[in-house]
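# What the coordinates show
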Amino acid sequence: MKSAVETLNPTRVRLTVEVPFEELKDSLDAAYKKINQQVTVKGFRKGKVPARVIDQRFGRGAVLEEAVNDALPKFYTDAVNEAELSPLGQPEVDITELKDGETLNFTAEVDIRPAIEIPDYSGIEVEVDAVEVTDEDVEKSVEQLRERFASTSPVERAAEDGDVVTIDLEAKVDGEVLEDGIANGVSYTIGSGELLDGIDDAVKGLQAGGEATFTSELKGGSAAGKEAEVTVKVTQVAARELPELDDEFAQLASEFDTLEELKADSRKRLENMKQYDQATQAQERVLEKLLELVEVPVPEKLLEDEINTRKHNLEHHQLGQMGLDLAKYLEIQGKTEEEFETETREAAVKGIKTQFVLDELVKQEKLNVNQEELTEHLMRRAASSGMSPDQFAQAVVEQGQVPLLVGEVARGKALALVVEKATVKDTNGEIVDLDDEEDEAEAAESTDAEAAEAPAEEKTEG
């Protein structure tokens, strides 16, 4: 077999392959054997029809076609390996010549990973938010905890903001009560915004036994998105009572004996959260700076596939679970379809570039992934998927996605290496030592890379 490579552009090549006919022998034998099992010829036992008879009865062309289809993947793979290419996706194959007994010639056009040169990245500088926790932040955190321990008691007065009302609902569309438009005994906190638009104004001022009618767009159910006439009846009004902020509350709501200890713990937790956010922000901004330094051509076919994957996942998974379609989603987001298309394309380009650059860094820095790192990453991915680690691991193995997870971990290590060499300052001009936040950063290492290019990764393997 002879092969040659022609570069069509930085991300696409054409392979020209010449195969001597004798190298098709194994595939020809397999083709005759396969056809033998499928046909019946009078005078011959099944599977024992001679090759010359198959040629006479069914045509030599049918045998050649079967043999070539069987042999092409191997010859294509051999040519790719010989040229040391990294193909993306499936090739476009064209058989240019097939002479029985002489030769098989074909071409294969395929997208490839572009050659990327990583420049010195040690001079990257980024600014991140300072870790500052104010007294107001602590008070807000404690107040949120206090809200969770609020109690309610029925009152004989009109409903007000913050009250918890028990209500019955009936929704009509075009004058007809919907089958799923009746709900009784619903508990609702006025002002929470957790039910229908307009319900707050409808129930405020009503006492137990009072009712009102208002118009609202239904958010879910059989008539989601339609305007409905909703009748709401209040069966109970209850006032929320917050516990006193004192040592007794601290003992009720936490493991601490005093309110001051509870506040100190809240401050520490907020600082940890802000440090985590700071580490994540540093990684995102360092990655952006790195991508600016590197010229990365993006294969158009891969880009279009990635855009379509992102759209499909949004429309059929994320929005579907929320009972929304794309048009409603764009309306809520205040975006035009053109803006959505532009943003999706930009995100896809960034995702593909991120993967290419970090993969090149993994190769350049000779980064490896050990079993402990892979296990820790698997545990995090399992937690975010809502599956148990065992279930997630089984799914990963069954779907052949272990190499994908290894790639994610390796890219996370590559990004961490760049962040380590970068200069990170906060908005106060202070140098940020991310080593102090190693635990937080470890969990966030691959966040941007995974979120940006997980679908692209699936396209580029193989």
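To be clear, the structure that these remarks concern was listed above.
As the structure is a prediction and not an experimental result, all values here were calculated from the model.

Conventions used here
- Residues numbered from 1 in each chain as written.
- Predicted model: local features only at pLDDT ≥ 70, side-chain atom pairs only at ≥ 80, totals over all residues.
- Heavy atoms only, no water.
- Salt bridge = Lys/Arg side-chain N within 4 Å of Asp/Glu carboxyl O.
- Helix = DSSP H or I, 4+ residues; strand = E, 2+ residues; numbered from the N terminus.
- Buried < 20%, exposed > 50% of the residue type's maximum accessible area, 1.4 Å probe, protein only.
- Pairing = 2+ DSSP bridges.
- Axes fitted to C-alpha atoms, helices over the stretch in contact; angles between N-to-C directions.
- Core = buried A, V, L, I, M, F, W, Y, C linked by side-chain atoms within 4.5 Å.
- Contact = heavy atoms within 4.5 Å.

### So, the pattern of salt bridges
- Going through the model one piece at a time under the given rule, you end up with 31 salt bridges.
- Asp78 is paired through a salt bridge with Lys74; the nearest N and O atoms lie 2.8 Å apart. Within this pair, Asp78 and its partner Lys74 are both found in helix α3 (residues 60-83), separated by four residues, close to a single helical turn.
- Taking relative accessible area as the criterion, Lys74 reaches 52% and is therefore assigned exposed.
- A salt bridge links Arg310 to Glu306; its shortest N-O distance comes to 2.7 Å.

### Description of the pairing of strand β1 (residues 2-9)
- The pairing of β1 with strand β2 (residues 12-20) spans seven bridges and is classified as antiparallel. Pairing of Glu6 across the sheet is with Arg14, part of β2.
- From the end of β1 to the start of β2, which pair antiparallel, there are two residues.

### Description of the sheet that holds strand β4 (residues 103-112)
- Here we have four strands laid out as an open sheet, ordered β1-β2-β4-β3, and antiparallel in their pairing. Two strands in the sheet have a free side with no partner beyond their single neighbour: β1 and β3 (87-99). This sheet shows a mean twist of 20° between the axes of neighbouring strands, independent of strand direction.
- Bridging between β3 and β4 involves nine bridges; their strand directions are antiparallel. Its bridge partner lying in β4, Ile95 is registered against Phe106.

### Some points on the nonpolar core
- In terms of nonpolar packing, the biggest core is built from 35 residues, with Tyr121, Ile124, Leu290 and Leu361 touching the most fellow members.
- Elements represented by at least two residues in this core include exactly β5 (125-128), α7 (259-293), α8 (300-322), α10 (337-365) and α13 (402-421).
- The biggest single contributor to this core is α10, with seven residues.
- Once residues lying within four places of it in the same chain are set aside, the contact partners of Ile124 are Val286, Lys289, Leu290, Leu293, Val418, Ala422 and Thr423.

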